[in-house]
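The lines below spell out each chain.
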Amino acid sequence: MGYWAKLKSSGWAYPTIVLSIYGFLANCRVAEPFLTPYLIGPNKNISEEVVTNYLFPVWTYSYLAFLFPVFLLTDFLKYKPVIMVQGLFLVSNYLLLSFAPGLPAMTFLQVNFGIVTSTEVAYFSYIYSVIPLKSYQKATSYLRSAMLTGYTFGASLGQMLVSIGGVDYFYLNAITLGIVCAAFLVSFWLPMPKRTMFFKAEEAVGSLSQKKGSLKNNGQRDSGADKDGESLDDEKMEHAGGAGWCSRESVITAGPLLWKSFKESYSSRHLVYWSLWWALATAGYMQIFNYIQLKWDHIEPSATSSVYNGAVEAVSSVVGAAAAFSVSFIRVTWATWGELTLGLFSAVCSGAVYLMAFTSSIWACYAAYVLFKSCYMFLITITIFQIASNLSMECYALTFGINTFIALLLQTIVTVVVVDETALGLDIVTQFIIYGSYYAAISVLFLIRGTYTACVRRHSVDQTEMKGKGKESGGEVISTERF
């Protein structure tokens, strides 16, 4: 008991451990890599066309509808209740998958899962409201590792149960139901945050302004000022109490705070271009992730062939994590070469998606998917790092929400035009050709922009070096200019 009390009083270890356990269990979805074979197989007996052109678009529309309201509600309710709601809807999601028959139930399932995905913002934001600033990096690393480990373990376990044990897909969903029930119970152990990012009492708003005023001119955070601002903010919030957070003044001041954070987030052209890539590429990634199982089933039908969806998802997660982890060891001037890197690797993503579209080999399609996901994970890690390192935490949280919303809006437009049966309702092969062209357009845009940025910055560096040399040989430069 003494160790448990010490852990709770540590400031960052207890909430990080509990949230990591929740993240592991909530993402350990053994059945998820086999969703499409389950829906179109004898368990649910829904046609591939209905799943492609009707059922999956419902999730996209639901996700878009819930995302922004949930983002604001998450901060207002102080994160923990929204995490608990996510756990509850994960339970209902797998209850529906396991026991509810018929297309109407599966349609409601997609709406239910839209709520689950829209509440992910609470998982990523909660930890920053309960731990000190100095522990942000460690806690973020642990949380993302927990999510990845859970997803990889779940996919691997599902693959072993299917390939070695011959377990029916129904039992995979039943096992997943038990795991997410455990995740829901773990969410009750999370401590309730004492502060929020935007819905603050009036006296806390003043301290926030002081904290933002201590930012450096180049937009990067001054760690000393942030620590002072954070401790002051915490103190103010504690004095304000729960009534201050939920008061009329708190709601009124949230609007100006949101607007101020928005202006800071997108005041830099450099950050705007990184955010643009984030939104564009994430829209394409979510679309491909959502429909890749249908593409695999099109190449080799799950009813007559062995299915390795779980193994491929596990491998792609590990390789993607390794690619993301490698970013910390790369020494590159991202301000100069970052946009060009986005363009080059987006071209690789485009080639991988084209290969998925045109190949008739399931193994080539698997390999292309692993390559695509790895490139995306590599680039999104660089993008998040570049944006987060130049913004305060309030601004980063708002940027995360806005960029995700724009990505989802773009994905919804693509879904309405390309996938939905009420519009074009294209087959899965044609869809992936369009997705490959989409990434090719992103690549061209950022190759052009990146080349321009690199040339301008190199020229600026050369000019600076020339001025430095000129100062060293002062008199000679003056005579040369006169001549």
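Residues numbered from 1 in each chain as written. Predicted model: local features only at pLDDT ≥ 70, side-chain atom pairs only at ≥ 80, totals over all residues. Heavy atoms only, no water.

- An unreviewed UniProt entry lists the protein chain under the name Solute carrier family 19 member 3b, with Xiphophorus couchianus given as the organism.
- UniProt, in its Sequence similarities (unreviewed entry) section for the protein chain, records the words "Belongs to the reduced folate carrier (RFC) transporter (TC 2.A.48) family." (UniProt positions renumbered as here; feature names shortened; annotations may be inferred.)

1. Notes on the overall build of the protein chain
Thought 1: Per the secondary structure count, the protein chain includes 19 helices and zero strands.
Thought 2: Of all 483 residues assigned to the protein chain, the portion counted as buried reaches 53%.
Thought 3: Within the protein chain, residue pairs in contact and separated by at least 24 positions form 85% of the contacts whose partners lie at least 6 positions apart.
Thought 4: About 21500 Å² of surface is accessible on the protein chain, with carbon and sulfur atoms providing 67% of the total. (Helix = DSSP H or I, 4+ residues; strand = E, 2+ residues; numbered from the N terminus. Buried < 20%, exposed > 50% of the residue type's maximum accessible area, 1.4 Å probe, protein only. Contact = heavy atoms within 4.5 Å. Areas by Shrake-Rupley, 256 points an atom, 1.4 Å probe, with all protein chains shown as cover.)

2. Description of empty space enclosed by the protein
Thought 1: A complete count under the given rule lists four cavities of 30 Å³ or more for this structure.
Thought 2: Of the voids in this model, the second largest cavity is the one considered here, and its volume is about 80 Å³.
Thought 3: Lining the second largest cavity are Tyr22, Gly23, Ala26, Asn27, Arg29, Gln86, Glu120, Tyr123, Phe124 and Met147.
Thought 4: Secondary-structure elements contributing two or more residues to the lining of the second largest cavity are helix 2 (13–27) and helix 7 (120–126).
Thought 5: Ranked by the residues each element gives to the lining of the second largest cavity, the list is headed by helix 2, at four residues.
Thought 6: Here the lining of the second largest cavity is built from residues that sort into five nonpolar, three polar and two charged. (1 Å grid on protein atoms, 1.4 Å probe; cavity = no way out; pocket = protein on both sides within 12 Å on 5 of 7 lines; lining within 4 Å. Points joined across faces, edges and corners; volume = space filled by probe spheres on them. Nonpolar A, V, L, I, M, F, W, Y, C, P; charged D, E, K, R; others polar.)

3. A short note on the nonpolar core
Thought 1: Formed by 119 residues in total, the largest nonpolar core has its most connected members in Met356 and Phe432.
Thought 2: The element best represented in this core is helix 13 (residues 269–299), accounting for 16 residues.
Thought 3: Residues lining this core come from more than one domain, with at least three contributed by each of domain 1 (8–192) and domain 2 (267–467).
Thought 4: With sequence-adjacent residues up to four places away left out, Met356 is seen in contact with Ile288, Ile292, Lys295, Cys365, Ala368, Tyr369, Phe372 and Phe432. (Core = buried A, V, L, I, M, F, W, Y, C linked by side-chain atoms within 4.5 Å. Domains from an automatic or database assignment.)

4. Here's the deal with the packing of aromatic side chains
Thought 1: This model, assessed by the stated rule, comprises 24 aromatic pairs.
Thought 2: Between the aromatic rings of Trp59 and Phe113, the centroid separation amounts to 6.5 Å while the plane-to-plane angle is 35°, which identifies the pairing as tilted. Of this pair, Trp59 sits in helix 4 (residues 48–76) while Phe113 sits in helix 6 (residues 103–118), and the two are 54 residues apart along the sequence. Considered together, Trp59 and Phe113 belong to a single accessibility category, that of buried residues. (Phe/Tyr/Trp six-rings, centres within 6.5 Å; stacked < 30°, edge-to-face > 60°.)

5. Quick look at helix 16 (residues 362–388)
Thought 1: Here helix 16 is 27 residues long and its end C-alpha atoms lie 38 Å apart, about the 39 Å a rise of 1.5 Å per residue gives.
Thought 2: Across the 27 residues of helix 16, 20 count as buried, placing the element largely inside the fold. (Expected span 1.5 Å × (residues − 1).)

6. As for the pattern of salt bridges
Opposite charge on two side chains permits pairing when their charged atoms draw close.
Thought 1: Applying the stated criterion across every chain yields a total of three salt bridges.
Thought 2: One salt bridge connects Glu313 with Lys373, and the closest N-O pair in it is separated by 3.4 Å. You can see Glu313 sitting in helix 14 (residues 309–326) and its partner Lys373 sitting in helix 16, a full 60 residues away along the chain.
Thought 3: Residue classification places Glu313 among the buried positions, given a relative accessible area of 2%. (Salt bridge = Lys/Arg side-chain N within 4 Å of Asp/Glu carboxyl O.)

7. Quick look at the environment of Ala314
Thought 1: Here Ala314 lies in helix 14.
Thought 2: Of the residues examined, Ala314 reaches a relative accessible area of 7% and is grouped as buried.
Thought 3: Distance from Ala314 to Pro33, taken between C-alpha atoms, is 9.4 Å for residues 281 residues apart in sequence.
Thought 4: Sequence-distant contacts of Ala314, that is, excluding residues within four places in its chain, are made with Thr152, Ala155 and Ser156.

8. Things to note about the side chain of Glu32
Thought 1: Within the fold, Glu32 resides in the loop between helix 2 and helix 3 (35–40).
Thought 2: Here Glu32 falls in the buried class, since its relative accessible area comes to 14%.
Thought 3: Look past the residues within four positions of Glu32 in its chain and what remains in contact with it is Tyr94, Phe113, Tyr151, Phe289 and Gln293.

9. Let's talk about the packing of helix 13 against helix 16
Thought 1: Contact pair helix 13 / helix 16: the axes reach a minimum separation of 10 Å and the direction vectors enclose 160°. In terms of their interaxial angle, helix 13 and helix 16 are classed as roughly antiparallel. Two packed elements cross with a definite hand, and for helix 13 against helix 16 that hand is left-handed.
Thought 2: When grouped by side-chain class, the residues that make up the contact of helix 13 with helix 16 number 23 nonpolar, five polar and two charged. (Axes fitted to C-alpha atoms, helices over the stretch in contact; angles between N-to-C directions. Parallel < 35°, antiparallel > 145°, perpendicular 65-115°, else oblique. Left-handed = near helix turned anticlockwise from the far one by under 90°.)

10. Side note on helix 14
Thought 1: For helix 14, built from 18 residues, the straight-helix expectation of 26 Å at 1.5 Å per residue is met to within 8% by its first-to-last C-alpha distance of 26 Å.
Thought 2: When we look at burial in helix 14, the residues that qualify are Asn309, Gly310, Val312, Glu313, Ala314, Ser316, Ser317, Gly320, Ala323 and Ala324.

11. Describing a nonpolar patch on the surface
Thought 1: On the surface, a nonpolar cluster with roughly 410 Å² of combined accessible area is contributed by Leu409, Ile413, Val416, Val417 and Leu424.
Thought 2: Within the secondary structure, Val416 is located in helix 17 (residues 393–419).
Thought 3: Since its relative accessible area comes to 37%, Val416 is described here as partly exposed. (Patch = residues over 30% accessible without salt bridge, like charges linked within 9 Å, V, L, I, M, F, W, Y side chains within 5 Å.)

12. So, unusual backbone geometry
Thought 1: Phi at Asn45 takes a positive value of approximately 55°, unusual for a residue other than glycine.
Thought 2: By relative accessible area, Asn45 is classed as exposed at 64%.

13. Quick notes on the confidence of the model for the protein chain
Thought 1: Summing up the model confidence of the protein chain, the mean pLDDT is 80 and the portion of residues at 70 or higher is 76%.
Thought 2: Confidence, read as mean pLDDT per element, is least for helix 19 (residues 474–482) in the protein chain (37) and greatest for helix 9 (residues 169–187) (95).
Thought 3: Per-residue pLDDT stays below 50 along residues 202–245; that stretch engages in 77 contacts with residues further than four places along the chain or on separate chains.
Thought 4: Throughout residues 472–483 the model reports pLDDT below 50, and contacts reaching past four residues in sequence, or to other chains, amount to one contact. (pLDDT = per-residue confidence, 0-100.)

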